[in-house]
Amino acid sequence: MKRITFIFICIILSCSVSFGQLKKSKIGSNSKQHISLSGGANKPLMDINTDFEPSCAFSYTYYFLPKLGLRGALEYDWFTGQSPVGHPNYYAHIVELSAQVVFNYYIYKGSRRENNSISFIPERAYIFGGVGALFYLREQVNYAPAFTASFPIGTGLQFPIGDSWTWGLDFAWHFTITDDIDNYPVPNSFTDGYPTLMLTFTYKIPDQRRTGSGYGYKSSKKGLKCDPRKGCEFTFD
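Draft legend 1. Spatial organisation of the overall build of the chain. What the chain contains, in helices and strands, is one helix and eleven strands. Reading the helices (α) and strands (β) of the chain from amino to carboxyl end gives α-β-β-β-β-β-β-β-β-β-β-β. Taking all 237 residues of the chain together, 41% fall into the buried category. When contacts within the chain are restricted to residue pairs at least 6 apart in sequence, long-range pairs at least 24 apart make up 64% of them. Working note: accessible area of the chain is about 13,300 Å², and carbon and sulfur atoms make up 67% of it.

Here you go:
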């Protein structure tokens, strides 16, 4: 009985060591460069009745610190609404180019087994805010183009799909400094603005594929490659 117990303990310890070797930090979790595509909906809050309409965006984020990054975003929104009696219905194309500061107030620093590519634990949670230029084209005034300043602020979550991919949700509120986007300015009313809710897919350019500096991966002096099947000698978290 003692021999069987001893053999059983040895097997358990061996399996534990094997699984330990299979564990590693997510390769992309500390990647400095993130490229995201987003799609969702908007609902302008203006002086006219508006509808839910589609939105899409492309962004590039560079994290110069694990929790702090700078994002450049290009977003397109389609607006529609019902104007007051005597005015044509409202249709507009909105393009926003903005620079945003992203702060990760939560980063999951655990490890996962190599064969577990999906996690329901958020990889990161963040808030963001910035300033941008808003270009809008209203159809009911002969496509008259106009510009204004915008101030997008919001929050988001990201969940891992694989080593270098995540999906997530972004909620943003876009403030402006004009009350003329809806082509129906009202004295002493709030400026026009709109919220967006986006489903995002992000590719994190793996730092281990290039040399560099900072908190991310640094190549060893020996020029050794990181084998994702066996784990890495470097710490990513």
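Draft legend 2. Summary view of the nonpolar core. In terms of nonpolar packing, the biggest core is built from eleven residues, these being Met46, Ile48, Phe79, Tyr90, Ala92, Ile94, Leu134, Tyr136, Ala146, Ile181 and Tyr194. Those elements that place two or more of their residues in this core are strand E6 (90-107) and strand E8 (124-138). Ranked by residue count, the leading element in this core is E6, at three residues. When sequence neighbours within four positions are dropped, the list of residues in contact with Met46 reads Phe79, Tyr90, Ile181, Asp182 and Asp192.

Draft legend 3. Just the side chain of Asp182, in detail. Here Asp182 is to be found in the loop between strand E10 (165-176) and strand E11 (193-205). A polar contact is formed between the side chain of Asp182 and the backbone nitrogen of Asp47, at a distance of 3.1 Å.

Draft legend 4. Region of the structure containing the pattern of salt bridges. For the structure on display, the rule yields four salt bridges. A salt bridge links Lys204 to Glu123; its shortest N-O distance comes to 2.8 Å. On the criterion of sequence distance, the pair formed by Lys204 in strand E11 and Glu123 in the loop between strand E7 (112-113) and E8 is long-range, its members being 81 residues apart. Accessibility classification places Lys204 together with Glu123 in one group, the buried group.

Draft legend 5. Local environment of a nonpolar patch on the surface. A surface patch of nonpolar side chains, amounting to about 720 Å² of accessible area, comprises Ile161, Trp165, Trp167, Leu169, Phe171, Leu197, Leu199 and Phe201. Secondary-structure elements contributing two or more residues to the nonpolar patch are E10 and E11. No other element matches the four residues that E10 contributes to the nonpolar patch. As for its placement among the helices and strands, Trp165 is situated in strand E10. Classification of Trp165 by relative accessible area gives partly exposed; the value is 45%.

Cut-offs used in this document
- Residues numbered from 1 in each chain as written.
- Predicted model: local features only at pLDDT ≥ 70, side-chain atom pairs only at ≥ 80, totals over all residues.
- Heavy atoms only, no water.
- Helix = DSSP H or I, 4+ residues; strand = E, 2+ residues; numbered from the N terminus.
- Buried < 20%, exposed > 50% of the residue type's maximum accessible area, 1.4 Å probe, protein only.
- Contact = heavy atoms within 4.5 Å.
- Areas by Shrake-Rupley, 256 points an atom, 1.4 Å probe, with all protein chains shown as cover.
- Core = buried A, V, L, I, M, F, W, Y, C linked by side-chain atoms within 4.5 Å.
- Polar contact = N/O pair within 3.5 Å; in protein donor to acceptor, adjacent residues only side chain to side chain.
- Salt bridge = Lys/Arg side-chain N within 4 Å of Asp/Glu carboxyl O.
- Patch = residues over 30% accessible without salt bridge, like charges linked within 9 Å, V, L, I, M, F, W, Y side chains within 5 Å.

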